[in-house]
Amino acid sequence: MKNKINLPKYWKFFTLGFFMLSWIVLVFFMDYPEWILLIELGVYLIVNALIFYKYTLGIIGNYWYTIRHFEKAYKYFDKAVKKGTHHVKALYLYALRLLQDGNGAEALKYFELAEKYNCSVLMDKYIILSKSSCYWVMGEIDKAIETLTGLLKKYDYISTDAYTTLGYLYFLKDDLESAEEYTKKALDDNFEHAPAWDNLGQIRYKQGNFSEAKGHFQKALSIKDLPDSLYFLGLIYEKEGNKEEAKSCYEKALNCNISALNTVTREEISDRIRGLV
C-alpha cells in the first residue's frame, strides 16, 4: 500500500487549498462578500461530480448504505461497478453481497479490484478476510487458510472476525486443536462475540460433548440469534427427545438471515422440521 497513490486524499488537499486561495483572492483582495464562496463551492462540487462520475456513484451508494437504505445503496453500487468505479468501499460492499449470495469467484474479482485501489490499513484487513471467505465458498479451504495466515503475518493484530473465521476453516479441515486455538483467541479479543461461541459449540458437538456444546450455543444465542447455533441446538434437543424445543429452534433459524457463509441452509432446516412431524 506504500507505493499506491491515495487519490481521494490528494483531492481533499487540493480542494482545501483551492478554497483557501479563493478566499484570499475573492474576499481578501477583491473584497467580494463571503457568501460568494458558497456559490463557488456548489459549482466546484457539481463540476467534480460530473468529471469523476464513476466515483461519485460510489459516494452516493455509500451514503445510502450508511443510513441503512441498503437496496437503494446497491442500485448505486451496481451502477458504479458497471461504470468501472475506483471507489474502494463501493467495490467492497458490492463484492460482499455477491459473496453472501454464494458467488465466490465473482466476488473475489471485485475484492481484488478493491484491494488494487485501497490505501487504508483497516480496509486491507477487511478485504483479505473477505477474500479468504471467497475461497471457502469456492471449496478451496487450504487457500482460504493460507490467505488468513498471510494476514496474520502481515499485521500484529487482525480482528475478532478473522480469528473466528480462521478457527472455523480449521474446523472444516478437522483440525480441531487449531480450530479451538483460534476460536479462543477470538474470545480473548471479544468475550461477547457470538460467532466464536458458535464455533466452540460446533467443535464440542463434533467431539460428541453435547452438554458443553449446548451451553456454548446457548451463550451464542444470548448475544445474537444465529441460524447455525439455533440449528445445532435443535439437533441437541432432538437427541434429548425434546421435539417441541427442537422445532422452536428450527423455526427461529428460518427467520434469520441465512447466507452462503452459514453452516446450514434453509433446506436443511426445513428438512429437520418436516422430520419432526
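Within every chain, residues take consecutive numbers counted from 1 along the sequence as written. Only residues with pLDDT of 70 or above have their local features reported here, since the model is predicted, and side-chain atom pairs are shown and tallied only from 80 upward, although totals for entire chains, interfaces and linings are computed over all residues. To get the side-chain values, all heavy atoms of the structure are used, and hydrogens and water are removed first.

Digging into the overall build of the chain
Now for step 1: The secondary structure listing takes helices from DSSP runs of H or I that are at least 4 residues long and strands from runs of E that are at least 2 residues long, numbered from the N terminus. Across its full length, the chain holds 15 helices and 0 strands.
Now for step 2: Whereas a compact globule of 277 residues would reach a radius of gyration of roughly 19 Å, the chain reaches 24 Å, over 25% beyond that.
Now for step 3: Expressed as lengths along the three principal axes of its C-alpha atoms, the size of the chain is roughly 85 × 40 × 30 Å.
Now for step 4: When each of the 277 residues of the chain is scored for burial, the buried share is 43%. Just to be clear, the radius of gyration here is over C-alpha atoms, and the globule rule we use is 2.2 Å times residues to the power 0.38. Each residue gets one of three labels from its accessible area relative to the maximum for its type: buried under 20%, exposed over 50%, partly exposed in between, using a 1.4 Å probe on protein chains only.

Notes on the packing of aromatic side chains
Now for step 1: What counts as a ring pair is set by centres within 6.5 Å for rings of Phe, Tyr and Trp (its six-membered ring), and what kind of pair is set by the plane angle: stacked under 30 degrees, edge-to-face over 60, tilted for all other angles. Scanning the entire structure with this criterion turns up 17 aromatic pairs.
Now for step 2: Centre to centre, the rings of tyrosine 63 and tryptophan 64 are 5.1 Å apart; their planes meet at 65°, and the pair counts as edge-to-face.
Now for step 3: Given the relative accessible area of 47%, tyrosine 63 is considered partly exposed.
Now for step 4: Taken together, a centroid distance of 5.4 Å and an interplanar angle of 25° make the contact between tyrosine 168 and phenylalanine 171 stacked. In this pair, tyrosine 168 and phenylalanine 171 are both assigned in helix H9 (residues 160-172), 3 residues apart and thus about one turn of the helix distant.
Now for step 5: Joined through ring pairs, the aromatic side chains of Tyr205, Phe210, Phe217, Tyr231, Phe232 and Tyr250 make up one cluster.
Now for step 6: Only lysine NZ and arginine CZ atoms are considered, and such an atom sits over a ring when it is within 6 Å of the ring centre and within 35 degrees of the ring normal. In this structure, lysine 79 is placed above the aromatic ring of tyrosine 76, and the distance from its NZ or CZ to the ring centre is 5.2 Å.

Considerations on a nonpolar patch on the surface
Now for step 1: To count toward a patch, a residue needs a relative accessible area over 30% and no salt bridge; like charges are then connected within 9 Å, while nonpolar side chains (Val, Leu, Ile, Met, Phe, Trp, Tyr) are connected within 5 Å. Each accessible area is a Shrake-Rupley result for a 1.4 Å probe, and residues are judged covered by the shown protein chains and nothing else. Throughout this description, the term salt bridge denotes a Lys or Arg side-chain nitrogen within 4 Å of a carboxyl oxygen of Asp or Glu. The grouping of Trp35, Leu38, Ile39, Leu41, Val43, Leu45, Val47, Ile51 and Phe52 at the surface amounts to a nonpolar patch, some 880 Å² of accessible area in total.
Now for step 2: Its place among the elements puts isoleucine 39 in helix H2 (residues 36-51).
Now for step 3: The class for isoleucine 39 is partly exposed, based on a relative accessible area of 48%.

Looking at the packing of H9 against helix H10 (residues 176-189)
Now for step 1: To obtain each axis, a line is fitted to C-alpha atoms, and for helices this fit is confined to the stretch in contact; angles are then taken between N-to-C directions over 0 to 180 degrees. It is the contact of H9 with H10, at a shortest axis distance of 7 Å, that shows an interaxial angle of 165°. Between H9 and H10, the crossing angle belongs to the class labelled roughly antiparallel. Considering only the axes of H9 and H10, their crossing is left-handed. Along the contact surface, H9 presents Thr160, Tyr163, Thr164, Leu166, Gly167, Tyr170 and Phe171, while H10 presents Leu176, Ser178, Ala179, Tyr182, Thr183, Lys185, Ala186 and Asp189.
Now for step 2: Any residue that is not Ala, Val, Leu, Ile, Met, Phe, Trp, Tyr, Cys, Pro, Asp, Glu, Lys or Arg is counted as polar, Gly included; the first ten are nonpolar and the last four charged. By residue class, the composition of the contact of H9 with H10 is 8 nonpolar, 5 polar and 2 charged. Oblique is the label for any angle not covered by the other classes, which are roughly parallel (under 35 degrees), roughly antiparallel (over 145) and roughly perpendicular (65 to 115). Take the far helix as your reference; a near helix turned counterclockwise from it by less than a right angle gives a left-handed crossing, and one turned clockwise gives a right-handed crossing. The contact definition used throughout considers only heavy atoms, calling two residues in contact when any of these lie within 4.5 Å.

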